[in-house]
Structure formats: structure tokens, C-alpha cells
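Now for the letters of each chain:
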Amino acid sequence: MNKPLRTEIRASACPHDCPSTCALEVEVLDGRSMGRVRGAEDNLYTAGVICAKVARYAERIHHPDRLKHPLVRKGPKGSGEFARISWDDALDLVAEKFLAAEAKHGSEAVWPYYYAGTMGLIMRDGINRLRHVKKYSGYHSTICVNPAWTGFIAGTGKLAGPDPREMAKSDCVVIWGTNPVNTQINVMTHATRARKERGAKIVAVDIYQNGTMEQADLAVLVRPATDGALACAVMHCLFRDGFADREFLEKYTDVPRELEQHLRTRTPEWASKITGTPVETIEAFAKLVAENKRTYFRLGYGFSRVRNGTVNMHAASCIAAVRGSWALEGGGAFHNNGAIYHWNKTITEGLDAVDPSIRVLDQSRIGPILVGEPDALGNNIPVTALLIQNTNPVSVAPEQEKVKRGFARDDLFVCTHEQFMTETALMSDVVLPATMFMEHDDLYQGGGHQYIQLGPKLIDPPGECRSNHDVLVGLAKRLGAKHPGFEMTPRQLIDRLLSDSGWGSLAELEAKKWIDAQPDFDTAHYRKGFAWPDGKFRFKPEWKTVPFRSPWYAGPVNEMPALPDHWEVIEEATDEHPFRLGTSPARNFLNSTFNETPTSLAREQRPTVMIHPADAVTLGIADGDQVVLGNKRGEVRIHAKHFDGVRRGVLIAESIWPNHAYEDGKGINTLTGADAIAPYGGAAFHDNRVWVRRA
Ligand code: SF4
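All values reported here derive from a predicted model rather than from experimental measurement. (Residues numbered from 1 in each chain as written. Predicted model: local features only at pLDDT ≥ 70, side-chain atom pairs only at ≥ 80, totals over all residues. Heavy atoms only, no water.)

S.K.: It is not clear to me how the overall build of the protein should be interpreted in this structure. Could you clarify?
M.R.: Each helix and strand counted, the protein has 25 helices and 25 strands in total. A compact globule built from 695 residues would reach a C-alpha radius of gyration of about 26 Å, and the protein, at 25 Å, matches this within 12%. Viewed in the frame of its principal axes, the protein has a C-alpha envelope of about 70 × 65 × 60 Å. Per-residue burial for the protein yields a buried fraction of 65% across its 695 residues. Looking at the protein as shown, the accessible area adds up to about 24400 Å², and 49% of this sits on carbon and sulfur atoms. (Helix = DSSP H or I, 4+ residues; strand = E, 2+ residues; numbered from the N terminus. Rg over C-alpha atoms; globule rule 2.2 N^0.38 Å. Buried < 20%, exposed > 50% of the residue type's maximum accessible area, 1.4 Å probe, protein only. Areas by Shrake-Rupley, 256 points an atom, 1.4 Å probe, with all protein chains shown as cover.)

What follows is the structure, encoded as C-alpha cells:
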């Protein structure tokens, strides 16, 4: 008889690029493999609930296709012809190529490139230490947060807000620009608790009728990038109907009378023409906010994916100020809690080695950079060597044709440290096998909540996988990069990061399991004033002084509207390109993560674009037909699905499928643009004009 497996339940944290950063309970079987993953019941934000794709994580971590050994390219780039190589030989080769690139063009020819495949503060951020010590090209992180964060900070002065657990104490929860039924499931936990226990209403605002919209009491369907118009109309109604909180406005805001005057013409009828949303729906939304001062606006990253996203996010956050919702428990606006953690990342990121004279390159513009566009490069030094961790730019970056052309360059050396043979790994010269989160020690902060959590190593990795930290230490040694961070273990780095930032020690964190970093009520609700010198919420921000980590201004920053508005900077439809395309996240994928697991692939079926049936009929497109989408950046072949949960003229392609899932290998980001968003950069993944025709 087989001996039953010894099952231990161990604590961990979800490392993926999702604001929920769920506290996990993991079944570890016989100390070697993992079973089911559950949400930690005793974590007040996770509250026992996680998304399905992470619950079945065993499928990913024990996937037969995991990379297990270092590989060196033997055939042409992209051919998939690799040979096994030892770790020492692989790291020697990478170091030799980096030193050669540096000798030929200077240190800025090397560009360490990473993103949020893990959100761990040790494994994600350590690459910056190598960058700074070696004076490699800098990295302006833009692909995700910049427009949304900037828009929020423009009003409050700070990236923080009321405790997200307070959603359960609201009378109305507005879920705007995020689809938590797919990812960030905990928002639904707290919002539905408010509905069950207090009769609260849930409003969802989105560009298609997704799972969250279906669960809402009021679903507000807008055309992409028109949220600013909707927000203005809601505020118009609040002023018009006597629900603007005059006392709050006088005490806590900058130009309330100027705003009121400005909004006089921003009627529901005006907004309806822009958003495509019926006047009655806009009025109904405004009425809910009017009747429920205790409204919690949970504003998501959808705002970040359009060219006017900064302005839209700011406009949405302004509603809570007009209504005075900030003052009440369960009221206010929340986007992310990044500012509450006060990290000192000197040891992890090597901030003591930063040289401000080194050029900085925009993450989102990797395509234009690699094909050598002068404005993207910033100087005449080409990028001839890349070190890539935790990201898959050949799939996820905009202007994919340029990205592919760049990666195909003969004079570009690429080392990718990955878990699977992604499109990016396939285009690399050296591929190194990477650990997953339960195979190394790391530390996490919640963006959508307020916990600091530990993710300890629970099992050994397969084959010869090594952690990001181990790779960086190995390279630093060979490259002559000296920094105390390279002499430490991940656990020592965690301990030091915690103590340098005023959060105690690793031993204390292990004893407590997590740290609840939520500021006190008055601070979180800005009851002592907003985070500007005069304490006033800004309806009229000075866009160029919004505090945000950016080396430059981007996009048409001088044209940004002074007050909340619909900013017509978007890729509006034209006669030639009559559709607007959004690439919203698929339920079973997370960016390009999970698009290798069998259950996720089976549930998502195939790359699909949703089109309104009336539009489809006009174009002679039957449900299930293959169609071609195109614009000046390229063409994509994809299957059409009739769906009346989009506005006419809008297409939604849930993403991100691997490029090879498309008939000709051209992924959806062939159509997205790498032009920078004002004021601090970003990529407009939901803001693309396209044409569509039957294939
Ligand atoms: S909801 Fe987000 S944080 Fe939670 S388990 Fe899923 S991907 Fe991870």
C-alpha cells in the first residue's frame, strides 16, 4: 500500500502582478512538491479567497515545460535550437559579452530589463543594484502604473487612501477601471460583503460587459478612454442637485467654485455623446453617489492604458471630493497604497551607486529603442546587450513588430532568465532557468491593501533553476561589480530592508506572519488635510509638479486640461480606422503568465476579438469567423465573437495570448502603440484605432 503523502500547510504570498498580493496557505507534500493553494483565512484582506489560476498553481510550478538547465543558442535567432551548458560556462559567456559591449560602446550599451513577473522586493528589484554599480543604461518603468498613479496623486498629493477593507463598510462601492472578478478577486469579497450586510450598491464602470459588470447593481458601459467625461457629468449632477458637500469643498479643496462653473456645460447629455452611455445610466450613477455619501471609489489600472488616463483617473478621484465622501468610514477613493511603506531600498537596489549622468531608457519603448530610433535612445549609443528577468517583452511590449525586429538584430546579445521558453527566451542567446516564488525567499507589499508579507522558500526548484538573486551575484562576481548587497543572502537582504525601513526584523515578521501597515484613520482619509502644503485636494493640479519618479516629461504634457475633462488626445476612430480596440486582461492569464498552463489555455480557448453584432453584420462577419485587425503598426489575425456587451465601434481582445497562438505568430501587441503618455510615460494598450475585415 502506498504511504500517504505528509502534508504541511505553509504560509506564502502571491508574487504576481496583481494588486491583491494574496496571503496564501500552501499544501507542501512530503516537503518536495505542492498541492492545493488557498487564501489565508486570518488575513483580513485576503479573507480566505484567491483567484482560480493561483489556486491551481501546482499545474504551473510542476509544469513539464519548465526550463531546468542553462541553454546556449546554437541555431539562428528564434529557431529554438539550443544546447545545454553549465551554469559556470553560461555566466562566463554572459559576463564576457557584457564586458565586450561595454568596451566597444561604453557601459550604457548594456540594458538590464525587468518587470513584474514577480513583485518580490528582493527578486524583482535586485537587478537595479547590478545596473547602478555597473553604470548600465537606466530604466524608466512605465508600462503599467504611471498614468494611473500620477492621476491619483494629482488630487490627493499622495499614493494612498482609505483602508481597502473599509469597502465592506460602504453604502456604495464603485469599481472603476478594474475587473476584480478576473484578477484582484478580494475587491469583490469586500464589496459583496457590504451588499450582503448593509444593502450597499455596487457600481462597475468598464469598457465591456465583463464578469465584474455582471455582478454589479449598476453597470456603466463606456467607450474606451472616455472616463473623464463620465466623471465630469457625475460631478455636474452632484452640483446641480445640491449634493456637493460645500463645507468639505471649502475646507479641503483648492478651487471648488471654478470647478462648479467649469462643470456647468459637462451635462449627462454632453457626456453621453462621448461615452456612448445612455443619459439615464449616467443620472442613475450620479443618484447613487448623491444618496450614498459613504461611497468608496476603487479605481484600477484600466486608467493607465489610455492616452488620457492621467486626466481620467484624476477626474474620477475628484467625485469623492465633491461629494465629501473622504470624510466618512467606507468613503473616499483608493487606487494603491504605495506611499505607506516608506521603504529604504539602498541595499536591495544599490541606490548608493546611482550615477545621475547615465542615460535612462523607457521600458515601454523597447521596440523603438532596439531598432535604434534616436529619440528613444536619447544618445548615439546603441543597446547591444540585454539582461532580462521577470518579463516577456516580445509578447507584452507595445509595437511588437519593432520589438521583434530589434531582438532579431545580429549585433544584440540577449540573456533571458526565465521559467518557461517564452517568446523572449526563444529570441535569446543564453537562457537561464529561474525559480518560482515557492522556491526562493522574498518579501512583498500589497498595492491594493496594506500588508507586508513574507514568501519563504518552501520547496527545492526543479533541475538547476536558480533565483534572480543568485544569478545577479554570479554575474556581479564575474563583472567586478562590488556592493554589500551581492555579499548577502535573500534572507539577510529581507532582514536589512525591513530594518532600514523601520519595519523591524525578519525574525519579527516571521513571528507575526505579516505586518499591517495601514495608517490611522485620520491620515488615510486625509482628515488632517491632503498631502499638499496647503492641505487642499487639487481639482486644478499643476501637472508638471505632481510628485512622481520620472526622469522627464512625456507626451503632450503642455496640452493637459487644467480641470477635470474629456481630453481628446486619444486614438479616436476615423473613417479609415473606424474601431477602437482594447486588450483587457483575460480571466485565466495574468499578462503573459499562466498562458502556458493547460487549464488556463483550455478555458480561454483561442485568441478572440469581441465585436458588437450590429457592427459584425454590417461587415459581413459571422460569429467565429477569422478576421484581420489592422492599423499603421501591423495586422493581427484573430477569431471574431459576436458580443453585445461592447459599445458600437469598440473591439475587445482579452489578452495576453502567446504570439504562437495566432496563425501567423503576430500577437495582439502588434497593434498597440509605444508613444509615451503624458505626463510621465506609459503604454496605451486599450487605446488603439483599427480597421477590421473578414480574413
Ligand atoms: S487574486 Fe491576484 S494576488 Fe490573489 S492569488 Fe490571484 S493573482 Fe494572486
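S.K.: Honestly, the site of the ligand in this entry has me stumped. Any pointers?
M.R.: Close to the ligand lie C14, C18, S20, T21, C22, I50, C51, V54, Q184, I185 and L590, which account for all nearby residues. Counting atoms within 2 Å of the grid points, the majority share of the ligand lands in the largest cavity. Residues belonging to the shell around the ligand are distributed by class as follows: eight nonpolar, three polar and no charged. (Near = heavy atom within 4 Å. 1 Å grid on protein atoms, 1.4 Å probe; cavity = no way out; pocket = protein on both sides within 12 Å on 5 of 7 lines; lining within 4 Å. Sits in = over half its atoms within 2 Å of the grid points. Nonpolar A, V, L, I, M, F, W, Y, C, P; charged D, E, K, R; others polar.)

S.K.: Whenever I open this one, empty space enclosed by the protein confuses me. Can you help?
M.R.: Any empty space left between the atoms is revealed when a probe the size of a water molecule rolls over them. Evaluated as defined, the whole model comprises three cavities of 30 Å³ or more. Approximately 80 Å³ is the volume found for the largest cavity. Along the wall of the largest cavity there are 14 residues; nearest its centre are C14, C18, C22, C51 and V54. Its residues placed into classes, the lining of the largest cavity shows eight nonpolar, five polar and one charged. (Points joined across faces, edges and corners; volume = space filled by probe spheres on them.)

S.K.: Looking at this model, I keep getting lost on helix α5 (residues 146-156). Mind explaining?
M.R.: Since the α-helix turns once every 3.6 residues, residues separated by three or four places project in the same direction. A large share of α5 lies buried, amounting to eleven of its eleven residues. Those residues of α5 that are buried are in contact with β7 (138-140), β11 (295-299), α13 (309-323) and β12 (332-334). Downstream of α5 by a residue or two, G157 has a phi angle that is positive, lying close to 90 degrees. (Contact = heavy atoms within 4.5 Å.)

S.K.: Help me understand helix α6 (residues 186-198) in this model?
M.R.: Look at α6: 18 Å from first C-alpha to last across 13 residues, which is about the 18 Å you get at 1.5 Å a residue. Those residues of α6 that sit buried are N186, V187, M188, H190, A191 and A194. Where α6 is buried, its residues meet β8 (172-176), β9 (201-206), α7 (211-215) and β11. (Expected span 1.5 Å × (residues − 1).)

S.K.: What's the story with the sheet that holds strand β19 (residues 514-516) in this structure? I'm lost.
M.R.: Sheets are built from strands paired through backbone hydrogen bonds, the pairs being either parallel or antiparallel. Reading across the sheet, the three strands line up as β17-β18-β19 and stay open at both edges, with antiparallel pairing between neighbours. The two strands at the open ends of the sheet, each matched to only one other strand, are β17 (442-445) and β19. Strand-to-strand twist in this sheet, taken as the mean axis angle between neighbours without regard to direction, amounts to 15 degrees. The pairing of strand β18 (residues 451-455) with β19 spans three bridges and is antiparallel. Looking at β19, one finds that Q453 is bridged to W514. Strands in contact with helix α21 (residues 490-500) are β17, β18 and β19; relative to β17, the strand with the most contacts, it is inclined by about 35 degrees. (Pairing = 2+ DSSP bridges. Axes fitted to C-alpha atoms, helices over the stretch in contact; angles between N-to-C directions.)

S.K.: What is the right way to read the pairing of strand β16 (residues 430-433) from this model?
M.R.: Regular strands show a simple pattern: their side chains alternate between the two faces of the sheet. Here β16 shows two buried faces, one formed by V430 and L432 and the other by V431 and P433. As paired strands, strand β15 (residues 413-418) and β16 are joined by four bridges and run parallel to one another. Bridging across to β16, C415 finds its partner in V430.

S.K.: Help me understand unusual backbone geometry, please; the structure alone is not making it clear to me.
M.R.: The phi torsion of most residues other than glycine is negative, and most of the peptide bonds are trans. Following S655, the chain continues into I656 via a peptide bond in cis, with omega recorded as 10 degrees. Note that I656 resides in the loop between β24 (650-652) and β25 (688-694). Here the residue pair A678 and P679 is connected by a cis peptide bond, since its omega of 0 degrees sits within 30 degrees of zero. Within the element layout of this structure, P679 appears in the loop between β24 and β25. Non-glycine residue A225 carries a positive phi angle of around 65 degrees. Turning to its location among the elements, A225 is positioned in the loop between β10 (218-221) and α8 (227-240). Overall, the relative accessible area of 3% leaves A225 in the buried class. Despite not being glycine, Q605 shows a phi value in the positive range, around 70 degrees. Mapped onto the elements of the fold, Q605 is located in the loop between α24 (598-604) and β21 (608-611).

Everything listed here is a matter of coordinates, which is why it stays silent on function.
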